[in-house]
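Each chain, letter by letter, is given below.
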Amino acid sequence: MLIFRLLKIILIGFRFGLDDILLSHPRLRLLRPVFMLVPFRARLKLPRAVRLRLALEKLGPIFIKFGQMLSTRRDLLAQDFADELAKLQDQVPPFPSDLAVATLEKVYEKPIDEVFSKFQKEPVASASVAQVHFATLHDGTKVAIKILRPDIAPVITHDIALMETGAWLLESIWPDGKRLKLRQVVIEFSRHLADELDLVREASNCSQLRRNFLDSSLLFVPEVYWDYCHSEVMVMERVQGIPISHVDILRKHSMDIPQLARVGVEIFFTQVFRDGYFHADMHPGNIFVGLDGRYIAVDFGIMGTLSDEDKNYLAQNFLGFFRRDYRRIAQAHIEAGWAPRNTRVNDFEASIRAVCEPIFDKPLKEIYFGRVLLRLFQVSRQFNVEIQPQLVLLQKTLLNIEGLGRDLDPDLDLWKTAKPFLESWMSEQVGWRGLESHIQKEAPNWAKMLPELPRLIHFQLGQERAQIMEERLTELVAQEKKQSRLLALVAVLLAALLAALVLTQLYL
């Protein structure tokens with residue numbers, strides 16, 4: 001199976017002239033005459049980036065997803081490739097409704113009419129690994145059913161294995177390959193993709209995000225109906241809203257568009273810095289607006305997580321950026337170990353300033369984060385900064401936020417919106433409120449330890465007393481041994497002296 005999949009990929013590669021892209025590498029140019037003899041090579045009429053995008057679309061949903069994620073790695077790609085791959089849409093033709101019904105009946109082990117009072121056979125949405133149907137439970141609850149594509153897991157396993165091999169080859173022949181950690185990027189991608197293939201995990205993602213924003217006036221997350229969920233099926237509350245990209249319809253419903261843009265930024269920073277848990281697939285197809293003005297999130301297959309160290313690092317960089325403290329940004333990179341310890345801070349600071357300073361005091365419509373990220377990655381290459389694979393999803397989400405904000409309100413002042421939030425968060429982390437928060441967090445542990453404290457102190461003192469007594473006893477034993485050796489020496493000397501006296505008397 002794997003060899004046939006590989007052959008298909010190779011044939012599609014030749015069809016779209018991807019061999020020409022690969023053979024442009026200096027280390028592979030010697031192979032160009034050999035590949036020119038292949039009879040079914042394509043005539044290269046389209047630009048190389050367009051051909052790559054079309055090839056990924058032809059290869060199927062997994063390669064489409066990888067292309068979408070790859071488009072966020074502007075440190076890895078040339079500008080034309082990154083721009084073209086960003087056009088990939090997460091939409092593929094739906095699979096037949098009969099297969100959807102067969103999956104449901106296999107999972108529930110009963111006819112579909114016994115599970116749902118109504119089931120809409122025509123899918124309302126189709127994505128790369130699943131599609132969505134509407135249905136109604138027997139108690140009248142309207143639900144949305146997400147059904148995994150049949151037999152997609154083996155294809156994904158084979159494709160990921162081939163991607164890992166390709167990443168290994170690129171790391172071997174490309175000087176920047178190891179620094180960019182291509183294999184780790186593929187591993188990160190495969191980990192999130194594996195999560196998408198388990199719809200119970202996606203349901204738990206939805207449940208966690210709902211819990212984080214349960215009382216929020218900004219974001220609504222639908223409820224999961226766990227009794228109907230399975231690894232191949234997820235059933236959740238059906239939501240109604242206006243797609244965030246339909247700005248004209250939002251205006252007809254008297255929505256405050258600039259306010260929606262500001263709320264979108266606040267939701268993103270809340271997820272990242274308050275929770276360290278964020279929706280990482282925020283393209284317009286996954287975001288709706290309810291009639292009450294709240295955002296509505298759907299599709300929870302890809303969620304990003306950040307450690308406390310990651311959040312602190314990012315907050316310092318964002319605040320340094322908003323305050324134009326480029327030296328702090330440079331120092332943060334070095335302190336985090338992402339830049340070598342011997343990096344000249346002054347030079348690094350100057351390079352960051354050259355990238356960031358020109359975009360201040362500009363509205364969002366005049367700022368292109370893709371280009372800013374590209375220049376920052378060029379700086380990172382110059383100073384040998386290691387790329388962090390765990391932040392790839394965050395980069396992807398930042399680009400999604402850029403597109404979302406640009407569609408809603410091109411005049412949005414991103415810095416003015418985000419800076420107070422980050423300053424408040426940093427105050428909670430490192431100021432007096434941060435100290436109070438940490439004390440409250442540790443209080444249960446301290447309450448548990450307090451009753452045991454006297455016993456622990458007594459035990460520790462007993463241990464120290466026993467250690468002192470043991471050391472004293474050791475010293476006494478050593479002294480006794482020393483005295484014994486001294487007495488033995490004196491006895492020997494006295495015996496020798498007595499023997500000498502006796503011998504002297506005999507000879508006299």
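Preceding this section is the structure that the text describes.
Now for a look at the structure at hand. Keep in mind it's a predicted model, so treat the numbers as computed, not measured.

## Some thoughts on the overall build of the chain
Reasoning step 1: If you tally the helices and strands in the chain, you get 22 helices and 11 strands.
Reasoning step 2: The proportion of buried residues among the 508 residues of the chain is 45%.
Reasoning step 3: The contacts of the chain with a sequence gap of at least 6 include a subset with a gap of at least 24, amounting to 68%.

## Overview of the environment of Ile-334
Reasoning step 1: Inspection of the secondary structure assignment puts Ile-334 in helix α16 (residues 326-335).
Reasoning step 2: By relative accessible area, Ile-334 is classed as buried at 9%.
Reasoning step 3: Not counting residues up to four positions away in its chain, the partners in contact with Ile-334 are Ala-339, Pro-340, Arg-341, Thr-343 and Val-345.

## Considerations on a nonpolar patch on the surface
Reasoning step 1: Residues Phe-4, Leu-7 and Ile-10 make up a contiguous nonpolar surface patch of roughly 310 Å² in combined accessible area.
Reasoning step 2: Residue class for Leu-7 comes out partly exposed when judged on its relative accessible area of 44%.

## Describing the pattern of salt bridges
Reasoning step 1: Across all of its chains, the model carries 10 salt bridges by this definition.
Reasoning step 2: As a salt-bridge pair, Lys-106 and Glu-232 come within 3.1 Å of each other at their nearest N and O atoms. Remark: Glu-232 occurs in the loop between β5 (219-220) and β6 (233-237) and Lys-106 occurs in helix α7 (residues 97-108); sequence separation between them is 126 residues.
Reasoning step 3: Measuring nitrogen to oxygen at the nearest pair gives 2.9 Å for the salt bridge that ties Lys-146 to Glu-202. Placement of the pair is Lys-146 in strand β4 (residues 142-148) and Glu-202 in helix α12 (residues 199-212), with a sequence separation of 56 residues.
Reasoning step 4: With a relative accessible area of 10%, Lys-146 lands in the buried category.
Reasoning step 5: Judged by relative accessible area, which is 2%, Glu-202 ranks as buried.
Reasoning step 6: A single network of salt bridges, built from pairs that share partners, joins Lys-146, Glu-202 and Asp-299.

## Comments concerning the pairing of strand β3 (residues 130-136)
Reasoning step 1: Where burial is concerned, most of β3 is hidden: five out of the seven residues are buried.
Reasoning step 2: Bridging between strand β1 (residues 118-119) and β3 involves two bridges; their strand directions are antiparallel. Bridge pairing in β3 links Lys-118 to Thr-136.
Reasoning step 3: Of the pairings in the sheet, the one linking strand β2 (residues 125-126) to β3 comprises two bridges and is antiparallel in character. Paired with Ser-126 across the two strands is Gln-131, which belongs to β3.

## Focus on the side chain of Thr-103
Reasoning step 1: Mapping Thr-103 onto the fold places it in helix α7.
Reasoning step 2: When its relative accessible area of 7% is taken as the criterion, Thr-103 is described as buried.
Reasoning step 3: Among residues more than four places away in sequence, those in contact with Thr-103 are Ile-147, Pro-150, Glu-232 and Val-233.

## Looking at the side chain of Ser-216
Reasoning step 1: You can see Ser-216 is positioned in the loop between α12 and β5.
Reasoning step 2: A polar contact of 3.3 Å, which involves the side chain of Ser-216, links it to the backbone nitrogen of Leu-219.

## A few points about the packing of α16 against helix α17 (residues 345-356)
Reasoning step 1: The geometry of α16 relative to α17 is characterised by a closest axis approach of 8 Å and an angle of 120° between their N-to-C directions. Of the possible angle classes, the one that applies to α16 and α17 is oblique. Crossing of α16 over α17 shows right-handed handedness. Contact residues: α16 offers Tyr-326, Arg-327, Ile-329, Ala-330, Gln-331, His-333 and Ile-334, while α17 offers Val-345, Asn-346, Phe-348, Glu-349, Ile-352, Arg-353 and Cys-356.
Reasoning step 2: Class assignment for the residues of the contact of α16 with α17 results in eight nonpolar, three polar and three charged.

## What about the nonpolar core?
The tendency in soluble globular proteins is for nonpolar side chains to be buried side by side.
Reasoning step 1: Grouped together as the largest cluster of nonpolar side chains are 99 residues, with contacts concentrated most on Met-234, Leu-250, Phe-273, Tyr-295, Phe-300 and Leu-408.
Reasoning step 2: For this core, the leading source of residues is helix α14 (residues 257-275), giving 10 residues.
Reasoning step 3: Viewed by domain, this core spans two of them, domain 1 (1-91 + 153-195) and domain 2 (241-433), each represented by three or more residues.
Reasoning step 4: Other than its neighbours up to four places away in sequence, Phe-273 contacts Lys-311, Leu-314, Ala-315, Phe-318, Phe-421, Leu-422 and Trp-425.
Reasoning step 5: In this structure, Tyr-108, Phe-119, Leu-137 and Ile-145 belong to the second largest nonpolar core, which totals 18 residues.

## Overview of the environment of Tyr-108
Reasoning step 1: Structurally, Tyr-108 can be placed in helix α7.
Reasoning step 2: Separated by 121 residues in the primary sequence, Tyr-108 and Cys-229 have C-alpha atoms spaced 9.6 Å apart.
Reasoning step 3: If sequence neighbours within four positions are ignored, Tyr-108 has contacts with Val-115, Phe-116, Tyr-228, Val-233 and Val-235.
Reasoning step 4: Within the structure, the side chain of Tyr-108 is placed 2.6 Å from the backbone oxygen of Tyr-228, a separation counted as a polar contact.

## Some words on helix α4 (residues 48-59)
Reasoning step 1: Here α4 spans 16 Å end to end across 12 residues, near enough to the 16 Å set by a 1.5 Å rise per residue.
Reasoning step 2: Buried within α4 are the following residues: Ala-49, Val-50, Arg-51, Leu-52, Arg-53, Ala-55, Leu-56 and Leu-59.
Reasoning step 3: One or two steps after α4, the chain reaches Gly-60, where phi turns positive at roughly 120°.

## Considering the pairing of β6
Walk down a regular strand and you will see the side chains alternate between the two sheet faces.
Reasoning step 1: Of all five residues making up β6, four are buried, and the element is well covered by its neighbours.
Reasoning step 2: Summarising the sheet, β4 and β6 pair through five bridges and their orientation is antiparallel. Bridge pairing in β6 places Ile-147 opposite Val-233.

## Structural notes on the packing of aromatic side chains
Reasoning step 1: For the coordinates displayed, the defined rule picks out five aromatic pairs.
Reasoning step 2: Arranged with centres 6.0 Å apart and planes meeting at 75°, the rings of Tyr-108 and Phe-116 form a pair that is edge-to-face.
Reasoning step 3: Aromatic rings pair up to connect Tyr-108, Phe-116, Phe-119 and Tyr-228 into one cluster.
Reasoning step 4: Over the face of the ring belonging to Phe-134 we find Arg-238, whose NZ or CZ atom lies 4.4 Å from the ring centre.
Reasoning step 5: Here the guanidinium or amino end of Arg-274 rests over the ring plane of Phe-213, the centre of that ring lying 5.0 Å away.

The rules behind each value
Residue positions are counted from 1 within each chain, in the order its sequence is given. Only residues with pLDDT of at least 70 get local features here, since the model is predicted, and only at 80 or more are side-chain atom pairs given and counted; chain-wide, interface and lining totals rely on the full set of residues. Side-chain measures here rest on the full set of heavy atoms in the structure, leaving out hydrogens and waters. Secondary structure counts use DSSP, requiring at least four H or I residues in a row for a helix and at least two E residues in a row for a strand, with both numbered from the N terminus. Relative accessibility thresholds used throughout: buried, under 20% of the residue-type maximum; exposed, over 50%; partly exposed, between the two (1.4 Å probe, protein chains only). Contacts are assigned to residue pairs with any non-hydrogen atoms lying within 4.5 Å of each other. Like-charged residues within 9 Å of one another, or nonpolar side chains (Val, Leu, Ile, Met, Phe, Trp, Tyr) within 5 Å, are grouped into patches, provided each residue has over 30% relative accessible area and no salt bridge. The accessible surface values rely on the Shrake-Rupley method and a 1.4 Å probe; as for residues, cover is taken only from the protein chains in view. One speaks of a salt bridge when a side-chain nitrogen belonging to Lys or Arg is within 4 Å of a carboxyl oxygen belonging to Asp or Glu. The rule for pairing is simple: two strands pair if DSSP sees at least two bridges between them. Identification of polar contacts relies on pairs of N or O atoms within 3.5 Å, with a donor-acceptor requirement for protein atoms, meaning one able to donate a hydrogen and the other able to accept it, and with residues adjacent in sequence counted only if both atoms are side-chain atoms. Note on geometry: axes are lines fitted to C-alpha atoms, helical ones only across the stretch in contact, with angles between N-to-C directions running from 0 to 180 degrees. What sets the label is the angle itself: under 35 degrees gives roughly parallel, over 145 gives roughly antiparallel, 65 to 115 gives roughly perpendicular, and the rest give oblique. Left-handed describes a crossing whose near helix is turned anticlockwise from the far helix through less than a right angle; right-handed describes the clockwise counterpart. We call Asp, Glu, Lys and Arg charged. Ala, Val, Leu, Ile, Met, Phe, Trp, Tyr, Cys and Pro are nonpolar, and the rest, Gly among them, are polar. Only buried Ala, Val, Leu, Ile, Met, Phe, Trp, Tyr and Cys residues count toward a nonpolar core, and they belong to the same one when joined by side-chain atoms within 4.5 Å. All the domain ranges listed were derived from an automatic or database domain assignment. The length a helix should cover is 1.5 Å for every residue beyond the first. Pairing of aromatic rings covers Phe, Tyr and Trp, the last counted by its six-membered ring, and requires centre-to-centre distances within 6.5 Å; plane angles under 30 degrees mean stacked, over 60 mean edge-to-face, and any other angle means tilted. Consider the ring centre and the ring normal. A charge sits over the ring if Lys NZ or Arg CZ is within 6 Å of that centre and within 35 degrees of that normal.

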